[in-house]
Amino acid sequence: MLSSYDPLLDDLTALYGEARGADAFARLAMALDAFRAARPGLAALDDHDPAERVTERDVMLITYGDSLRAADQPPLQTLHDFLLRHVAGTISAVHVLPFFPYSSDDGFSVIDYTAVDPALGTWADMERLGADFKLMFDAVINHISAESDWFRAFQAGDPAFRDYFIVADPAQDLSRVVRPRTLPLLTAVNRGGETVHVWTTFSDDQIDLNFGSPDVLLRIIDVLLTYVAHGASFIRLDAIAYLWKEPGTTCIHLEQTHRVVRLFRSLLDAVAPSVAIITETNVPHAENISYFGDGANEAQLVYQFTLPPLMLHAFISQDATRLSAWAATIQNPSPSATYFNFTASHDGIGVRPVEDILPPEEVGLLLARTTAHGGAVSYKDNPDGTRSPYELNITYFDALSNPAGDEPLALQAQRFIASQAIQLAFVGMPGIYVHSLLGSRNWAEGVAQTGRLRSINREKLDVAQVEAALVDPASLRSRVFTAYRDLIAARVGQKAFHPNGPQTVLNLDPALFALLRTSPDGTEHIVAVHNVTGRAVSLDLGGVPLDGVREYEDLIAGQRIGAHAVIEAAPYQVLWLKAH
């Protein structure tokens, strides 16, 4: 009889060979048995339907633990209180960006995977937040801080940690390694009085872990189980594409990395099937979606990295043709897997995901717009010694509207909301960055303070000032937040926006990005139309390929429209038309 653990043995044998794989499996099985015995409820399958893991009611907020601050209150409590006051019933989940003690990169150089940064709060604060919202935790497991106990033990020559990190010969040819940064791949460090060079994909403070050692893999699995025990519903595998290193290869997307993802999926299915894996890979689209595996054996959610730059291109060019053509190729790989749609995050707007979609001159439009609107472009090194654009560092709001321009705020807010409505209508689960929800602009002062381009969209906000702005209907924050919350409220009540509902692109006009969304049972339909231009566009609803419609209900304006009416889509207008 097959055991729920059997797939783990296959993966471990493939990664480490028969003898080491069997030993690792025995140790892992003991750990999983202990976890299940301590938390039998998590392994229960009775109330878990993979096709209903996320629904139209699920919208995730992406935020740092201290993006909102108040005097004399731990930031995690401030965040929790704010969410309860303002978005309860609309936002269902919260991605608290790495909330562990760290040494650099705003949390992505973790010192201790199993502790909450005291500057943010405690595990009790996280668990209270988890009582009201589903939680996503970061598994920043490609690397660990140079200040971590693990790396210090390695430097001290502790034999238990000797294989935790990758020591490489700097004379070795590593030119094929794909780099996301322009910093050196190897970093010289002292280990027991000798100088060795360790692998550092991202920075000299972020030391890559050696997953070629079963001990490292098992230690990281302990970390993941700790996150599950503290209430994680989603585990985000940060920078997962670079996990496995094999000199002489590109060291990205290696088969062993996919094996590790499959192993994580299998073990969570065995002990906590309600917990989902989401992979974060800022790479071209085809590479990105490879982390779905066969649709049922790797990530349940994959970041939709192509959407932010391609949607920005549509608004800049005032033409949705390329966005529509790409969107027509997007369908869920299976009922248990879908996309995590976003337009902005703590990082910049990735450029690599459109490498195979936009010609260089149109990518150039994105770069030019970014610098013209006060942002910057980050680059990566290529194996041939050249460098190419990696991401745009700018808030999504200012990427769409010039902060130095004189356009009315109402128009700027409407343009931004039109972009966010596309994200909400798109097949998958939406993830909204806190600075998008609050209509934040570039934080140039932050870049000056830290010297890091990514600081431009990582401002820490005084919650009292934010709330004062939200009650002022003339403020930008109020205009964006109110419209955004209304859109989410309209979305969560509609089965046609279920992630497993089919999506059909409607090519009604190059100025319009339009989708026909249908509920999974086929009984409900919504025509979602978004004008990406600053001009009015005629819309003939008779051209929508939907039979038997008597009339449409505009979910945003609350009006009824005839099934064959010819209407006008105002500049940047959003029409979500429910068929009756």
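Scroll up a little and you will see the structure.
Residues numbered from 1 in each chain as written. Predicted model: local features only at pLDDT ≥ 70, side-chain atom pairs only at ≥ 80, totals over all residues. Heavy atoms only, no water.

Trainee: Let's hear about the overall build of the chain: which residues, and what values?
Mentor: Scanning the chain for helices and strands turns up 18 helices and 25 strands. For a compact globule of 580 residues, the expected C-alpha radius of gyration is about 25 Å, and the chain comes in at 24 Å, within 12% of that figure. Expressed along its principal axes, the backbone C-alpha trace of the chain runs to roughly 75 × 60 × 50 Å. When the 580 residues of the chain are sorted by exposure, 60% land in the buried category. When contacts within the chain are restricted to residue pairs at least 6 apart in sequence, long-range pairs at least 24 apart make up 70% of them. Charge centroids of the chain, computed over 43 positive and 70 negative side chains, lie 1 Å from each other. (Helix = DSSP H or I, 4+ residues; strand = E, 2+ residues; numbered from the N terminus. Rg over C-alpha atoms; globule rule 2.2 N^0.38 Å. Buried < 20%, exposed > 50% of the residue type's maximum accessible area, 1.4 Å probe, protein only. Contact = heavy atoms within 4.5 Å. Lys, Arg positive; Asp, Glu negative; His and termini not counted. Charge placed at Lys NZ, Arg CZ, Asp CG, Glu CD.)

Trainee: Give me the lowdown on the packing of helix H10 (residues 307-317) against helix H14 (residues 409-425), citing residues and values where you can.
Mentor: At a minimum axis separation of 11 Å, H10 and H14 run at an interaxial angle of 140°. Relative to H14, the element H10 lies oblique. H14 is crossed by H10, and the crossing has right-handed handedness. Between H10 and H14, the residues in contact are Leu307, Met311 and Phe315 and Arg415, Ala418, Ser419, Ile422 and Gln423, respectively. Here the residues of the contact of H10 with H14 sort into 5 nonpolar, 2 polar and 1 charged. (Axes fitted to C-alpha atoms, helices over the stretch in contact; angles between N-to-C directions. Parallel < 35°, antiparallel > 145°, perpendicular 65-115°, else oblique. Left-handed = near helix turned anticlockwise from the far one by under 90°. Nonpolar A, V, L, I, M, F, W, Y, C, P; charged D, E, K, R; others polar.)

Trainee: Quick one: what's the story with the nonpolar core, residue by residue and with numbers?
Mentor: Among the nonpolar cores identified, the biggest contains 176 residues, and Leu217, Ile220, Ile235, Phe264 and Trp576 are the most heavily contacted of them. Of the residues forming this core, the biggest block, 10 residues, is contributed by helix H7 (residues 214-229). Every residue in contact with Leu217, bar those within four places of it in the chain, is listed here: Leu12, Leu15, Tyr16, Phe211, Val260, Leu263 and Phe264. Formed by 21 residues, the second largest nonpolar core is a distinct cluster that contains Leu506, Val537, Leu541 and Leu546. (Core = buried A, V, L, I, M, F, W, Y, C linked by side-chain atoms within 4.5 Å.)

Trainee: Go over the environment of Phe137, please, and point to the residues and values.
Mentor: Of note, Phe137 is situated in strand S4 (residues 134-139). The exposure class of Phe137 is buried, given its relative accessible area of 0%. It is 30 Å that separates the C-alpha atoms of Phe137 and Leu476, two residues lying 339 residues apart in sequence. Non-local contacts of Phe137, meaning those with residues more than four positions away in its chain, are made with Phe99, Trp123, Met126, Tyr227, His230, Ala232, Phe234, Ile235 and Arg236.

Trainee: Which residues make up the environment of Val566, and what values go with them?
Mentor: Of note, Val566 is situated in strand S24 (residues 566-569). With a relative accessible area of 57%, Val566 lands in the exposed category. For the pair Val566 and Pro408, spaced 158 residues apart in sequence, the C-alpha to C-alpha distance is 29 Å. Those residues in contact with Val566, other than ones at most four positions away along the chain, are Ser538, Leu539 and Asp540.

Trainee: Account for empty space enclosed by the protein, with residues named and values stated.
Mentor: By the definition in use, this model includes 4 cavities of 30 Å³ or more. Volume-wise, the largest cavity comes out at about 270 Å³. Looking at the largest cavity, it is lined by 26 residues, and the ones nearest its centre are Phe202, Asp238, Glu280, Asp347 and Arg454. Within the lining of the largest cavity, the residues separate by chemical class into 10 nonpolar, 7 polar and 9 charged. Looking at the second largest cavity, its volume works out to about 70 Å³. As for the second largest cavity, its lining consists of 13 residues, of which Pro50, Val54, Pro335, Ser336 and Thr338 are closest to the centre. Looking at side-chain class alone, the lining of the second largest cavity contains 7 nonpolar, 5 polar and 1 charged residues. (1 Å grid on protein atoms, 1.4 Å probe; cavity = no way out; pocket = protein on both sides within 12 Å on 5 of 7 lines; lining within 4 Å. Points joined across faces, edges and corners; volume = space filled by probe spheres on them.)

Trainee: Outline the pairing of strand S12 (residues 338-341), supporting the account with residue identities and numerical values.
Mentor: Note: strand S11 (residues 301-303) against S12, 3 bridges, orientation parallel. Paired with Val302 across the strands is Tyr339, a residue of S12. By the bridge criterion, 2 bridges tie S12 to strand S16 (residues 429-433) in an arrangement that is parallel. Directly across from Phe340, in S16, lies its bridge partner Met429. (Pairing = 2+ DSSP bridges.)

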